[in-house]
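# Notes for the structure review
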Amino acid sequence: MGSNASASQAMELEEVARMLSPCGFDVIIVCCSNQAAENYWQARLEQTVVQVTGTNAKVVAVHEDWNGGAGNGLGTLYAYQKARDKASRDGFDLDAKLSGGASVALFHTAGKGTRLAPLPGAENNNKPGVKLPSLLEVGGAAQPLTVLEAVMRQTSSYAPLRGGRISVFWGDQVFVPSAGIQPSTHPADILAALRPMPSKAEWEAGQLHQYGLIAVGTAGDATQLEKVDYDTAKAYLPPDVERVGTSLGSFSLSAALLAALMAEFAPELAAKCACLDSDPHFWMPLTLQKEDYLAVMGKKGTPAGEAAAHYARMAAFAAKFAPGGGGILGCVDVGAKALWWDYGRLELYQTNNLHAAEEGPSPHALRTFLKLQPQGAPESDASGRQQRNQLGAGLTVHPSAVVLNCRIGSGTIGAGCVLVNVTAPEVEVEAAILMSVTSAGPVRGKRGVLYNVVHEGSEPLSADAVRADVFQPGGKQIVVSSSIETDGGKAWKVTLPENAFSFEEVYKQNQKLDVSECQALGAAAHKRVAQALETLERLP
Ligand SMILES: *[C@@H]1O[C@H](CO)[C@@H](O)[C@H](O)[C@H]1NC(C)=O
C-alpha cells in the first residue's frame, strides 16, 4: 500500500473509531410510519441505544399522522412537536434540554423501500428494521443490527459538535467522512460532499445536473440548488462560489432556529395540513434570488403566485430571525472521498454486505464499524469474523467468510459468504448472503440472498437466487422470490412468475398488521423448525 493510501486508511479507521466511541446524541427521536412501528422502535431502541451509539440517550419514537404527508420540512417540525409532547409525559422537557445544550437527533424512517423489495416485506414493511451482519445483545439473545441502528451508530460521531442543535437524518446508507467531522457554523446547515467549483466540462462529466446541490461562498454561506445544468447554476449562484457538492439532504438546526420555525409554521402544525419539504420550501427561498426561486418552482409545477407568496413569507421570516442579514444556511462538508455503504437497493444490499467478506481498506473499515474486526488490529486478524456459532466438526469455513450466531452441522461455507442466524444441518454455499435462515434440508447455492427464510422440508433449499419469507397472523408464511437483477421499484406492481403476490400486494397486506406481532410469529416459526432438528439430533 502506498503511503497516501495508508494515510487515508488510517483516517478512515479514525473516523470509524469516533463512531464507536462513547459519545452519541443525548436525545434520539425516530419518526415512524404508524403506531405499531412506533411501539416497535421505542422498545427496541431502549434496549440497544447504548450498544449502538455509546450513549444512554433518551429515546422518543413517534409516528406521523398527517393527511397526505407533511413533507420532510413540516414533517420534521411535527415529529419534534410530537416528541416534545410524548417526552413531557415522562417529565422530560425537550425544549429546555435542547436550548440547554443537549444534542438531539431525529431519524426519518418513512418510505416503502420499493427498490429493496422483497426484504422490507419480510420485515412486515418495517424498512429501517432490515438486518445487517453485526450482532447486538437484546433481551439476553444475539440479534442482528438493523439498518436504522447502523445509521445511528455512524451519525453519532457528529453528536459532540452538535450540542444545542437538532440533527435530522434519513437512513439507508452509512458513510465515513473523508473531511473529518466539521463543525456547524450557521443556524442551519446541510451535509454535502464538496469539491472545488467545477468547470462546465467537469459538471457534465460528473452528471451534477442529476443531484440536489449545495454551493458555498467565501464567507461560508451556502446556496441550495436543485438539479440544474452548469449555465443555470452559474446564473443562480453568487459570483464568489468556491465549492459545490452533492447534498445528502440531511440538515441540522440551532435550538433558536427550530423554535422560530415552529412558531412560523404553528398554524400548519395545528391544522395538520400542507406539505412542505426542506429543500424547496426552507432552504431554496432562504438562499436564492426571488426570480430564480420562481423559475425553479415553476419547473416543478408550482403556480407563480403561490411560489411568490411563500418566498415573501420566508423573506419576512429571515428578516425577523436574523435582522443583521447574516446567512442562515451553511454547509458541513463530508469530503469528496467519503466511503459509502448504501443499503437502499437490493443489489446494493448484496454488494455492501458481501463487502464485509472482502479484502482491502474499505472492507476493513466496514468490518471495524460492524465490530467484525477488533479495533486497532491489522486486517489479517480475522478473529471477529466468526462470532457465537455452534459449528459441527464436518463443516469447513473459508477464512474470508463472516459467520455470526449460526448453528450448522456440516458442508462448506465458501469464500465471500455472509451468514447470520443460520440454523441448518448442512450448507454448501459460496458468496451467498443468508440472513436469518432456518432449514431442515441442506442449503445449497451461490450468490443468492436468503432473508428470513424458514424451510421445513428435507429437500435442498436453493441459495442461488433471492427469497424472503413474510409471516402473518393465521399461520401464514408467504414465500417471496426474486432475483438480484429485479429492481423492486420497477417490478413493484408485477406478480413475478414464481410468486403468489406482487411486492405491492405484500406491502398492502402488511400495512394492516402489527409489526411486533408478525415478527414474533416469524421468530416462533424459526424456533419450531430448529427445535425439530434438535430433537432429531441433526444439529451440532
Ligand atoms: C437470532 O437468533 C436468536 C437466538 O440466538 C434469536 O433469539 C433471534 O430471534 C434471531 N433473530 C433473527 C432476526 O433471526
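Above this text sits the structure in question.
The shown structure was predicted, so the numbers you read here are calculated from the model rather than taken from an experiment. (Residues numbered from 1 in each chain as written. Predicted model: local features only at pLDDT ≥ 70, side-chain atom pairs only at ≥ 80, totals over all residues. Heavy atoms only, no water.)

## Some thoughts on the pattern of salt bridges
Evaluation of the coordinates by the stated rule reveals 27 salt bridges. With a closest N to O distance of 3.1 Å, arginine 367 and glutamate 379 form a salt bridge. Linking arginine 367 in helix 15 (residues 361-369) with glutamate 379 in the loop between helix 15 and strand 14 (386-387), this pair joins segments that are twelve residues apart in sequence. A relative accessible area of 0% places arginine 367 in the buried class. By sharing partners, the salt bridges in this structure join Asp65, Lys82 and Lys272 into a single network. (Salt bridge = Lys/Arg side-chain N within 4 Å of Asp/Glu carboxyl O. Helix = DSSP H or I, 4+ residues; strand = E, 2+ residues; numbered from the N terminus. Buried < 20%, exposed > 50% of the residue type's maximum accessible area, 1.4 Å probe, protein only.)

## Details of the environment of leucine 116
When you line up the elements, leucine 116 lands in the loop between strand 3 (104-108) and helix 5 (119-122). Taking C-alpha positions, leucine 116 is 40 Å from alanine 315, a pair spaced 199 residues apart along the chain. Those residues in contact with leucine 116 that sit more than four places away from it in its chain are Val130, Tyr343, Gly344, Arg345, Leu346 and Tyr349. (Contact = heavy atoms within 4.5 Å.)

## Here we look at the packing of aromatic side chains
Each aromatic ring pair is characterised by the separation of its centres together with the angle its planes make. Taken as a whole and assessed by the stated rule, the structure comprises 15 aromatic pairs. Judged by centre distance (5.0 Å) and plane angle (75 degrees), the ring pair of tryptophan 66 and tyrosine 78 falls under edge-to-face. On the criterion of sequence distance, the pair formed by tryptophan 66 in the loop between strand 2 (58-63) and helix 3 (71-88) and tyrosine 78 in helix 3 is long-range, its members being twelve residues apart. A relative accessible area of 7% means that tryptophan 66 is categorised as buried. Take tyrosine 78: its relative accessible area is 5%, and that puts it in the buried class. By way of ring pairs, the aromatic residues Trp170, Phe251, Phe265, Phe282 and Trp283 are connected into one cluster. The side chain of arginine 153 reaches across the aromatic face of phenylalanine 369, ending 5.7 Å from its centre. (Phe/Tyr/Trp six-rings, centres within 6.5 Å; stacked < 30°, edge-to-face > 60°. Lys NZ or Arg CZ within 6 Å of the ring centre and 35° of its normal.)

## Considering the site of the ligand
The ligand sits among Lys131, Ala141, Ala142, Gln143, Pro144, Asn405, Asn421 and Ser436. At 3.0 Å from an oxygen atom of the ligand is found a side-chain nitrogen or oxygen belonging to asparagine 405. Here serine 436 contributes a side-chain N or O atom positioned 2.6 Å from an oxygen atom of the ligand. Burial of the ligand by the protein chains amounts to 61% of its free accessible area of 360 Å². Of all the elements, strand 5 (residues 141-146) adds the most residues to the shell around the ligand, at four residues. (Near = heavy atom within 4 Å. Polar contact = N/O pair within 3.5 Å; in protein donor to acceptor, adjacent residues only side chain to side chain. Areas by Shrake-Rupley, 256 points an atom, 1.4 Å probe, with all protein chains shown as cover.)

## Concerning the nonpolar core
The biggest cluster of nonpolar side chains holds 71 residues, and the ones touching the most others in it are Trp341 and Tyr349. A total of seven residues in this core trace back to one element, the largest contributor, which is helix 2 (residues 35-53). Filtering out sequence-adjacent residues up to four positions away, tyrosine 349 remains in contact with Leu116, Leu119, Val130, Lys131, Leu132, Asp342, Tyr343, Ile433, Met435, Val449 and Tyr451. Formed by 46 residues, the second largest nonpolar core is a distinct cluster that contains Leu98, Leu253, Leu258 and Ala318. (Core = buried A, V, L, I, M, F, W, Y, C linked by side-chain atoms within 4.5 Å.)

## Considering unusual backbone geometry
Following alanine 117, the chain continues into proline 118 via a peptide bond in cis, with omega recorded as 10 degrees. Checked against the element boundaries, proline 118 lands in the loop between strand 3 and helix 5. Phi at glutamine 207 is positive, roughly 55 degrees, even though this residue is not glycine. The topology assignment puts glutamine 207 in the loop between helix 7 (200-205) and strand 9 (212-217). Positive phi is not limited to glycine here, since lysine 227 has a value of about 35 degrees. Residue position: lysine 227 is located in the loop between strand 10 (222-226) and helix 8 (230-236).

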